[in-house]
Each structure stands twice: as C-alpha cells, then as structure tokens.
Amino acid sequence: MTDSPVWHPFTQHGAEPPPPRALRAEGAVIDTDHGPLVDAISSWWVITHGHRHPPIMQAIRDASERLDQVIFAGLTHHPAEDLARALVDLAPAGLTRVFYSDSGSTSVEVALKMALGFWKNSGRPRHRIAVLEQGYHGDTIGTMSVGARGVFNAAYEPLLFAVDRLPFPVDGGSQMLAALESVAATGELAALIVEPLVLGAGGMLVYRPEVLAAMRAVCDRHGVLMIADEVMTGWGRTGRLWACDHAGIAPDILCTSKGLTGGAVPLAATLATEAIFAAHRSPDRSRMFFHSSSYTANPIACAAGLANVRIWQGGGMQARLDAVSAMQADRLSALAGDGRFSGARRIGTIAALDMTAGGAGYLAAAGQHLRAHALERGVFLRPLGSTVYVMPPYCIGAAELDRVWAVIAGFGG
Ligand SMILES: *Cc1c(COP(=O)(O)O)cnc(C)c1O
C-alpha cells in the first residue's frame, strides 16, 4: 500500500488529491513540500497571534521541563490555577469557576452537562435546550444534537437528541426572540446555547449585539441558563476579546478553546457562575460534577494558555485587532460590488462573502474549486460550501493579506 494510512477530518479521500505536507510554520505562513502557504483561515480558526508565537513556544518549553500530564482529580498544579484566575479576570463578570477539558466540543458537552446538573441539583429538573438554527457546536453526538442538521450528520440523526430550534435572528431578531420567549415560558427550558454574534461553521452568519442582549433578557426573565459558545469567537476574532463584550452581557456558562493557547496546543475551558458551581458543591458526593477528560488541564497546555493570557493583559492587542479589522474591511469593500459574490459581511477580523455561481450548501462545488485555485497560488483557504471567508492570524501583514484577497478576486474572473 502506497497510500498514507492517515484518515483526514472532513476529507473525501475518494475525490481530493493527497494534501501538501506541512514542514514548518511561522507567523501567517505554513511551509509545505509544495511551497509556502498563507494560512488565511488560521488553521481552522485556532491560530490567533501567529504560528509558533515566541512567548507561547517559550512557555511550552519551560513548562515541559517541570511537568507532563498529571491527574487533575485529587491533585492540582500552578499552570491550571494561574490560568483559571486569569480567565476569571478576563471573562465577562460573574463567571467565577473554570472547568478544563481538551477541545471545543468537549467544552460544550461540559456546558450542557453543567446546565442539566444545575437544574437536577436544584430539585427542579429541566431538560429542554434551545439552539439557533444553523448553529455549530462540535462533532460529538451531544454537540451535533445542539447544532444544525445536514449532510454532515445525516448518518447519526436518529441518535441525536431533540432540541428547540430558533430561527436565525435577522435584523432585530423579533421572530427568534418570540420563539425563545414561548419556549422559555414553558418553564422547561434548561438552557439556551448560542454562538454569540457570528455562526461560524454555519456560514459566518452575523447578527447584532442588541439581539444577543435581548436573548440574555429573555433568559433572565425565565431563569433560563445562557451558554455562550465562544470557542470560535473568543480571543479577539470579532474585534473584542469576547463576542459577548460587544453586547455588554455575561452568559451563565462560557465555552472557550481554539484561541485559548493561541492555537499552539489543545486546551479548552468551560467557565460557570458561582450559582452553577454551588448547585454541585455539597457534602453529598452524588451531586458532584461527573465529568473528566484524561488530559484535563494538561500543564503544558495551561502554561501555553497562561502565556496567551499575558499577551492579552499586556495591552496592544486591541490596536492589533483594529488594524486587522480595518485591513479586512478595506479588502472586502473592493469585492462588494462584484457580481460573482453576494452577502459581503464582516465582524472584527472575520470577513465573508457568498459565491453566486456553483450552487449552495456544504457540498457546493465552487468552494472546492476555489480551494484548489488558492492552493496553487500559495494560499490556504477552505470555503464553507459556497461561503468564502478570510480569518487570518492577527500577525498577518498587508502584503500577505493582499495575496489572499487577490486569489479570491482572481477566481473565475
Ligand atoms: C470549532 C468549534 C467547536 C468545536 O471545537 P473542537 O475543538 O473542534 O471540538 C465548537 N463550537 C464552535 C462555535 C466552534 O467553532
């Protein structure tokens, strides 16, 4: 067998050529055996500052001199403690407890379990979960259940649990808010889970901060827990540290992963309010939070997370976000009147457009063709169906970004 035994994620091995092999990465560029590629999507949205950002790499080296994985039940360590304190400081107000795991999906599973545990331990069990249509929260059975249904989960559909789906909030979101209000009014809704301000994998669909604030108000009125899945939006993507910051709201539970270590190593955290923690804290062992991942709070990953947090605390990040956002706005506006594209939209450092030709949906051919076209020209893009988006690491320079947008502008034109 000459083929590699590797089975790649979200890859049709029967239709795609073998991928280039990454050899080295630095800043916004990945060097491969087919030449350098500008990483226009931050390696699936995880790389924030840039590849192999020096202070994060140094923290990983230092931490690995002292600890590798150590069990995190019945034992604790400085990297986890220090990072947790820093996360509580940086997070929206009222999120006082930090539960570690190892991926975005897991952080969402943890959030859902915390919400149900809260209601059970409060003696008023609630089991319904409300979600936004077109939402994405991960690829495990639980997170697929709360996400959009489509070709990517059709095989598992019979096993996915039922949720209350709210329409995507257009304009002021009145239809969605009315739907939320009516589910919440049943008194059975345990939690609302949302990607704040932008539905990422659903096609970079952007909605207004006022809508997010209004969702918070409905949840407050009915005592429903609000879960903000900031796995993609966190760490500056929307132009502020957290997307929730645009709306001035604090969720009851916040999920973070992708940019938590600057993208260097896997780590996730689910932050919760004191009330949710208190519902689990008891002399009664049957009320504990029954969850763990083997690699919970990996010390090396926590040290990388702490190095990332120090960068955010150090100042200068807002200016960097503003600069990237302005460059993106400028490049996007150049294509806004182009008939090959529609729906130009941007939030902070994320810019997206829909291709008008080639069909819609996740399997749309145009996206595949653009991806191949870009690869040949030294740019790594990965359209979501017919939606093209650019989500670069914040270190990207004007020339690198120009190259990305020139590739998009040159496609089929
Ligand atoms: C990527 C993503 C996840 C899943 O994270 P993984 O680390 O891939 O498991 C969950 N929620 C959102 C909003 C995401 O963008």
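Analysis parameters
Residues numbered from 1 in each chain as written. Predicted model: local features only at pLDDT ≥ 70, side-chain atom pairs only at ≥ 80, totals over all residues. Heavy atoms only, no water. UniProt positions renumbered as here; feature names shortened; annotations may be inferred. Helix = DSSP H or I, 4+ residues; strand = E, 2+ residues; numbered from the N terminus. Buried < 20%, exposed > 50% of the residue type's maximum accessible area, 1.4 Å probe, protein only. Core = buried A, V, L, I, M, F, W, Y, C linked by side-chain atoms within 4.5 Å. Domains from an automatic or database assignment. Contact = heavy atoms within 4.5 Å. Near = heavy atom within 4 Å. Polar contact = N/O pair within 3.5 Å; in protein donor to acceptor, adjacent residues only side chain to side chain. Areas by Shrake-Rupley, 256 points an atom, 1.4 Å probe, with all protein chains shown as cover. Nonpolar A, V, L, I, M, F, W, Y, C, P; charged D, E, K, R; others polar. Pairing = 2+ DSSP bridges. Salt bridge = Lys/Arg side-chain N within 4 Å of Asp/Glu carboxyl O. Buried area = accessible area lost by both parts, 1.4 Å probe.

**Observations regarding the UniProt feature "modified residue: N6-(pyridoxal phosphate)lysine" (unreviewed entry) in the chain**
Part 1 of the reasoning: Cross-referencing UniProt, the feature "modified residue: N6-(pyridoxal phosphate)lysine" (unreviewed entry) maps to Lys258 in the present numbering.
Part 2 of the reasoning: Tracing the chain through its elements places Lys258 in the loop between strand S11 (253-256) and strand S12 (268-273).
Part 3 of the reasoning: Given the relative accessible area of 22%, Lys258 is considered partly exposed.

**Focus: the nonpolar core**
It is characteristic of soluble globular proteins that their nonpolar side chains tend to be buried jointly.
Part 1 of the reasoning: If you look at the biggest cluster of nonpolar residues, it comprises 39 residues, and the most contacted ones within it are Leu192, Met204, Tyr207, Leu212 and Met215.
Part 2 of the reasoning: Elements that contribute at least two residues to this core include exactly strand S5 (128-132), helix H6 (174-184), strand S7 (189-194), strand S8 (198-199), helix H7 (209-222), strand S10 (225-229), helix H8 (244-247) and strand S14 (350-355).
Part 3 of the reasoning: When residues are assigned to domains, this core turns out to be shared by domain 1 (22-53 + 316-410) and domain 2 (54-314), each giving three or more.
Part 4 of the reasoning: Those residues in contact with Leu212, other than ones at most four positions away along the chain, are Val194, Pro196, Leu197, Tyr207, Met226, Ala243, Cys244, Ala247 and Ile249.

**Examining the site of the ligand**
Part 1 of the reasoning: In the neighbourhood of the ligand, the contacting residues comprise Trp45, Ser103, Gly104, Ser105, Tyr136, His137, Gly138, Glu195, Asp229, Val231, Met232 and Lys258.
Part 2 of the reasoning: Ser105 is positioned such that a nitrogen or oxygen atom in its side chain is 2.6 Å from an oxygen atom of the ligand.
Part 3 of the reasoning: Contact with the protein chains removes 82% of the 380 Å² of surface that the ligand exposes when unbound.
Part 4 of the reasoning: In terms of residue class, the shell around the ligand is made up of four nonpolar, five polar and three charged.

**Observations concerning the pairing of S5**
Part 1 of the reasoning: For S5, the buried fraction is high: four of the five residues fall into the buried class.
Part 2 of the reasoning: Looking at chain direction, S5 and S7 are connected through four bridges and run parallel. Pairing of Val131 across the sheet is with Ile193, part of S7.
Part 3 of the reasoning: As defined by bridge partners, S5 adjoins strand S6 (residues 164-166) across three bridges and the pair is classed as parallel. By the bridge assignment, Val131 is partnered in S6 with Arg165.

**What about the pattern of salt bridges?**
Part 1 of the reasoning: Per the stated rule, a full pass over the model turns up 17 salt bridges.
Part 2 of the reasoning: Linking Arg371 and Glu16 is a salt bridge whose minimum nitrogen-to-oxygen distance equals 2.7 Å. Taken as a pair, Arg371 in helix H12 (residues 365-376) and Glu16 in the segment before strand S1 (22-26) lie far apart in primary sequence, 355 residues in all.
Part 3 of the reasoning: The partner of Arg128 in a salt bridge is Glu188, with the nearest N and O atoms 2.7 Å apart. One end of the pair, Arg128, is in strand S5; the other, Glu188, is in the loop between H6 and S7, with 60 residues separating them in the sequence.
Part 4 of the reasoning: Exposure remark for Arg128: the relative accessible area of 29% places this residue in the partly exposed category.

**Quick look at the sheet that holds strand S3 (residues 35-39)**
Part 1 of the reasoning: Pairing within the open sheet is mixed, and its four strands lie in the order S1-S2-S3-S15. Two strands close off the open sheet at either side, each with one partner strand: S1 and strand S15 (379-380).
Part 2 of the reasoning: Note that S3 and S15 share two bridges and pair parallel. Pairing of Asp39 across the sheet is with Phe380, part of S15.

**Some thoughts on the domain arrangement of the chain**
Part 1 of the reasoning: In terms of domain boundaries, the chain breaks down into domain 1 (22-53 + 316-410) and domain 2 (54-314).
Part 2 of the reasoning: If you average the C-alpha positions of domain 1 and of domain 2, the two centres end up 26 Å apart.
Part 3 of the reasoning: Between domain 1 and domain 2, the contact holds 27 residues from the first and 29 residues from the second.
Part 4 of the reasoning: Contact between domain 1 and domain 2 buries roughly 2400 Å² in total, counting both sides, with carbon and sulfur atoms accounting for 67%.
Part 5 of the reasoning: For domain 1, the biggest contributors to the area lost against domain 2 are Trp45, His53 and Ile347; these three give 29% of the whole.
Part 6 of the reasoning: Counting every contact that joins domain 1 to domain 2 gives zero salt bridges.
Part 7 of the reasoning: Taken together, the connections running from domain 1 to domain 2 amount to 14 residue pairs in polar contact (both at pLDDT 80 or more).
Part 8 of the reasoning: When residues of the side of domain 1 that touches domain 2 are traced back to their parent elements, those giving at least two are helix H1 (42-45), helix H11 (317-335), strand S13 (341-347), S14 and strand S16 (387-390).
Part 9 of the reasoning: In terms of residue class, the side of domain 1 that touches domain 2 is built from 16 nonpolar, nine polar and two charged.

**Concerning unusual backbone geometry**
Part 1 of the reasoning: Unlike most non-glycine residues, Trp44 shows phi in positive territory, near 60°.
Part 2 of the reasoning: Along the chain, the position of Trp44 falls in helix H1.
Part 3 of the reasoning: Here Asp171, not a glycine, exhibits a phi torsion of approximately 50°, which is positive.
Part 4 of the reasoning: Along the polypeptide, Asp171 turns up in the loop between S6 and H6.
Part 5 of the reasoning: Classification of Asp171 by relative accessible area gives exposed; the value is 58%.

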